[in-house]
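# Fold and contact review
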Amino acid sequence: MTNLNDTQTGVLQLVFKVADDNGLLLIDLKDLRAMVQHVGENAAAYSSEYGNIAAASIGAIQRGLLTLDEQGGNIFFGEPMLDIADLMRVDSNGRAVINVLAADKLFLSPMLYSTFLLWLLSELFERLPEAGDLDQPKLVFFFDEAHLLFNNARDALIDKVEQVVRLIRSKGVGIYFVTQNPLDVPDRILGQLGNRVQHALRAFTPRDQKAVQVAAETMRANPKFDAATIIGELGVGEALVSFLDEKGRPGIVERAIIFPPASRMGPLQPEERKTLIDTSPLKAIYAEGVDRESAYEVLKGKSAANITTTAPGAIPAPAASAGGSGSRVNGVPPLTAHPHHTAPAHALGNDLLDSLQDMLTGKGGKREGVLEAAAKSAMRGAAGTVGRELGKQLLRGVLGSITR
């Protein structure tokens, strides 16, 4: 996510390993930046045990983190962290709750946006048990403006999204990428998506004509009509649809009229959003950010009175536990258990609808562990698992989380 090369990624992984070995929590962005600075300043002391630490790599990492910081990462990462169970709630009548991520500001920060979406999918995959073939999914995601996720995306990101999209169906989670042009979604990810709804495409340029052809070819042909021709003739409310049948096979594409939504089309007014937030049962969990002792405080000497340094350049262990039931480096809710519920929870849902927007403007809480989960997710492929002893071995998950 920070556009690091393999060498720089290795150094960043080393930073996490040093933090693990010294019992330091990396909860928010300032923790990681302080940790990177410390390792760089004590490179000579750490090199013999952990490997070479080039000043150029430290600089590249800090620049990448600075970019993430400027896009709002200092607010976005931290705690409390969002519990994915809060995305799968029902109301008093047993009806599912639709959560809307207010990303009108978030999507202007492409690095943060793609980090969030990938991390969310990864956490869902790691936390949810295998569900098999359910009659209805536990959770369905619709990612609007999907091209924002893939524009100028590095291969590592696309590989990770493809991996999650391919495997997450077995967890009872459905995923839809919503975009105007099927060319916006990489072929290898498009191939993992069985259900398709294609509205009208107008072909005014060669690229438009190619997009029409691609859209038609991604659906199972119907001998009654030519899909490529029909796509340009569809009117308002019409679409070509192709869904998987009961045996998991793509159905023949059909021309259909889309049932219009029965809800209001348009954003909530500010006073409506405030009312939803104020009356939400989740406000007590997510309204206030928590900034407890972690790597930044220790490295800045705020806890020095109770610390013993064991070796030149070694990082002191925290004076006290990172805090009660919430003391884990990263829980597993994608957005994880209530002690680590995260600010993005603000923005999710009829009740969560506006809080992420508040968070992005500096009013929301913080989320523990998302920083570590997201950063390590990007380097998971090459780094393998890393552990440390804190009573129990902490194992980094396949997709970047840390579980106890």
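Residues numbered from 1 in each chain as written. Predicted model: local features only at pLDDT ≥ 70, side-chain atom pairs only at ≥ 80, totals over all residues. Heavy atoms only, no water.

In this section: the overall build of the chain. What the chain contains, in helices and strands, is 15 helices and 9 strands. The buried share among the 404 residues of the chain stands at 50%. For the chain, the accessible surface area stands at approximately 19400 Å², while carbon and sulfur atoms represent 53% of it. (Helix = DSSP H or I, 4+ residues; strand = E, 2+ residues; numbered from the N terminus. Buried < 20%, exposed > 50% of the residue type's maximum accessible area, 1.4 Å probe, protein only. Areas by Shrake-Rupley, 256 points an atom, 1.4 Å probe, with all protein chains shown as cover.)

Counted according to the given criterion, the structure contains 16 salt bridges. Notably, a salt bridge pairs Asp-21 with Lys-17, separated by 2.8 Å at the nearest N-O pair. A residue pair is termed a helical-turn pair when its members lie 3 or 4 positions apart in one helix, as Asp-21 and Lys-17 do in helix H1 (residues 6–21) at 4 residues. Residue Asp-21 is classed as partly exposed on the basis of its relative accessible area of 35%. Note on Lys-17: relative accessible area 27%, which makes it partly exposed. Each of Asp-159, Glu-162, Arg-166 and Arg-188 takes part in one network of salt bridges that share partners. (Salt bridge = Lys/Arg side-chain N within 4 Å of Asp/Glu carboxyl O.)

This next bit is on the nonpolar core. Grouped together as the largest cluster of nonpolar side chains are 68 residues, with contacts concentrated most on Val-161 and Phe-177. With 11 residues, helix H5 (residues 110–127) is the largest single contributor of residues to this core. With sequence-adjacent residues up to four places away left out, Val-161 is seen in contact with Leu-118, Leu-149, Phe-150, Phe-177 and Ile-189. In this structure, Leu-201, Ala-216, Ala-227 and Val-253 belong to the second largest nonpolar core, which totals 12 residues. (Core = buried A, V, L, I, M, F, W, Y, C linked by side-chain atoms within 4.5 Å. Contact = heavy atoms within 4.5 Å.)

Confidence in the prediction for the chain averages 73 pLDDT; 74% of positions are at 70 or higher. Every residue in residues 302–404 is under pLDDT 50, and counting partners more than four places away or in other chains gives 360 contacts. (pLDDT = per-residue confidence, 0-100.)

Under the definition given, this model contains 5 aromatic pairs. Here Phe-141 and Phe-143 contribute two aromatic rings whose centre-to-centre distance is 5.5 Å and whose plane-to-plane angle is 10°, an arrangement assigned as stacked. Here the aromatic cluster, defined as three or more aromatic residues joined through ring pairs, consists of Phe-141, Phe-143, Phe-150 and Phe-177. (Phe/Tyr/Trp six-rings, centres within 6.5 Å; stacked < 30°, edge-to-face > 60°.)

Before going further, it helps to examine the sheet that holds strand E5 (residues 254–257). The strand order across the open sheet built from 3 strands is E3-E4-E5, with neighbouring strands paired in antiparallel fashion. Every interior strand has two partners, whereas the edge strands, strand E3 (196–198) and E5, have only one. This sheet shows a mean twist of 35° between the axes of neighbouring strands, independent of strand direction. Bridge count between E3 and strand E4 (residues 238–242): 3 bridges; the pairing is antiparallel. Bridge pairing in E4 places Gln-198 opposite Leu-240. (Pairing = 2+ DSSP bridges. Axes fitted to C-alpha atoms, helices over the stretch in contact; angles between N-to-C directions.)

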